[in-house]
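# Residue-level structural notes
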Amino acid sequence: MTTTTLKIVKYELNDVFRSKWIIIYALFFFLATDGLFRLGEDNAKVILSLTNIVLLLIPLMSVVFGVMYLYNAREYIEMMLSQPMHRSTIFIGLFAGLAVPLSLGFVAGVGIPFAIHGSADSGQIAILATLLISGVFLTLIFIALAFLISIVHEDKVKGLGVALFNWLLFSVIYDGLIFFIILWFGDYPLEKPTIALTLFNPIDLARILIMLEFDTAALMGYTGAVFEQFFGSALGIAISLISLIAWAVLPFFAGLRSFTRKDF
């Protein structure tokens, strides 16, 4: 990063931490994780329980925070655009200023209880690392989508509505559509089309990435079982991870391109 970008990131980090909501966000994950351990569950069961929370809550909070964050920063953005600096520098600084604290809040909120209560088993540590990596990727992906949405749509209410629809689409509707496709065309070989459809849903990819670490097909659902059948655990994990990277990169650069061309 350039010196200017770092200054923007520093300012945004100070602004985010002053608002206190990032502390509440981290505290929620801390209390949820600590509570699961106090209920007497072991590492594997805690991770399984957290997986459902992570796959639903992180995309929702990231896309809502991202949209509202950029809409509320419009006057600040216009002021920055009047300065002699590249638009890409401003965009990267704004993105990092939100993505970094959200990611750190999630990692700290989950990681600290595991450090206190969890065991040092290498297999469990690997699964925990996968959960944390998946959560960070979902944070980056949905913040990137939120930034793209808020840049494309001027109206705040419309932008928020589009953001919530995207979260609902990826978290609920998409899996329902795949389920109905399987029912309607159950007499045809659907394994390869199902894998292709899965690649278009980052939440499903994150779920498969975590579940493949457990190496238990029954926990993965139809798409996860197909992934394991076609690729095996190691290759399936690699493909899921690469796909998540693509999901993080493509919306980010789409938002960057829109930001550099937008007439504020």
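Just above sits the structure.
Residues numbered from 1 in each chain as written. Predicted model: local features only at pLDDT ≥ 70, side-chain atom pairs only at ≥ 80, totals over all residues. Heavy atoms only, no water.

## Section: the overall build of the protein chain
When you go through the protein chain residue by residue, the secondary structure sums to 10 helices and 0 strands. Shown N-terminal to C-terminal, the secondary structure of the protein chain runs as helices and strands in the order α-α-α-α-α-α-α-α-α-α. Across the 264 residues in the protein chain, those meeting the buried criterion constitute 45%. In the protein chain, the proportion of contacts linking residues at least 24 apart, taken out of those at least 6 apart, comes to 84%. Carbon and sulfur atoms make up 68% of the accessible area of the protein chain, which amounts to about 12800 Å² in all. (Helix = DSSP H or I, 4+ residues; strand = E, 2+ residues; numbered from the N terminus. Buried < 20%, exposed > 50% of the residue type's maximum accessible area, 1.4 Å probe, protein only. Contact = heavy atoms within 4.5 Å. Areas by Shrake-Rupley, 256 points an atom, 1.4 Å probe, with all protein chains shown as cover.)

## Some details on the environment of Val107
Mapped onto the fold, Val107 is located in helix H5 (residues 87-117). Looking at Val107, the relative accessible area reads 29%, which means it is partly exposed. Along the primary structure Val107 and Val136 are separated by 29 residues, whereas in three dimensions their C-alpha atoms are 7.9 Å apart. The contact partners of Val107, leaving out residues within four places of it in the chain, are Ile112, Leu132 and Val136.

## Quick look at the nonpolar core
General note: in soluble globular proteins, nonpolar side chains tend to be found buried as a group. Counting 65 residues, the largest nonpolar core has Val110 and Phe147 as its most contacted members. Broken down by element, the residue count for this core peaks at 15 residues, all from helix H6 (residues 122-152). Each residue touching Val110, except ones within four places of it in the same chain, is listed here: Phe29, Thr33, Leu50, Leu128, Leu131 and Leu132. (Core = buried A, V, L, I, M, F, W, Y, C linked by side-chain atoms within 4.5 Å.)

## Some remarks on the pattern of salt bridges
Scanning the model with the defined rule gives 3 salt bridges in all. Residues Arg38 and Asp34 are paired through a salt bridge, measuring 2.6 Å at the closest nitrogen-oxygen approach. With Arg38 and Asp34 both in helix H2 (residues 21-38) and 4 residues apart, this pair spans about one turn of that helix. The exposure class assigned to Arg38 is exposed, which follows from its relative accessible area of 63%. You can call Asp34 buried: its relative accessible area is 10%. In this structure, the salt-bridge partner of Asp204 is Arg207, at a minimum N-O distance of 2.4 Å. Taken together, the residues span about one helical turn, with Asp204 and Arg207 both in helix H9 (residues 202-214) at a distance of 3 residues. Using a relative accessible area of 24% as the deciding quantity, one classes Arg207 as partly exposed. (Salt bridge = Lys/Arg side-chain N within 4 Å of Asp/Glu carboxyl O.)

## As for the packing of aromatic side chains
Applying the stated criterion across every chain yields a total of 16 aromatic pairs. Each ring, one from Phe91 and one from Phe147, has its centre 5.7 Å from the other, and the planes form 80 degrees; the classification is edge-to-face. One end of the pair, Phe91, is in helix H5; the other, Phe147, is in helix H6, with 56 residues separating them in the sequence. Residues Phe91 and Phe147 agree in their burial class; the two are buried. Centre to centre, the rings of Phe170 and Trp247 are 5.5 Å apart; their planes meet at 85 degrees, and the pair counts as edge-to-face. With a gap of 77 residues between them, Phe170 in helix H7 (residues 156-184) and Trp247 in helix H10 (residues 221-261) connect regions that are remote in the sequence. The pair formed by Phe170 and Trp247 is uniform in burial state, with each residue classed as buried. (Phe/Tyr/Trp six-rings, centres within 6.5 Å; stacked < 30°, edge-to-face > 60°.)

## What to know about the packing of helix H4 (residues 74-81) against H5
Running from N to C, H4 and H5 cross one another at 145 degrees; their axes reach a closest spacing of 10 Å. When you trace H4 past H5, the crossing you get is right-handed. Facing Tyr76, Ile77, Met80 and Leu81 of H4, the residues of H5 in contact are Arg87, Ile90 and Leu94. Residue composition of the contact of H4 with H5, by class: 6 nonpolar, no polar and 1 charged. (Axes fitted to C-alpha atoms, helices over the stretch in contact; angles between N-to-C directions. Left-handed = near helix turned anticlockwise from the far one by under 90°. Nonpolar A, V, L, I, M, F, W, Y, C, P; charged D, E, K, R; others polar.)

From the geometry alone we can't say anything about function, so treat these as descriptive.
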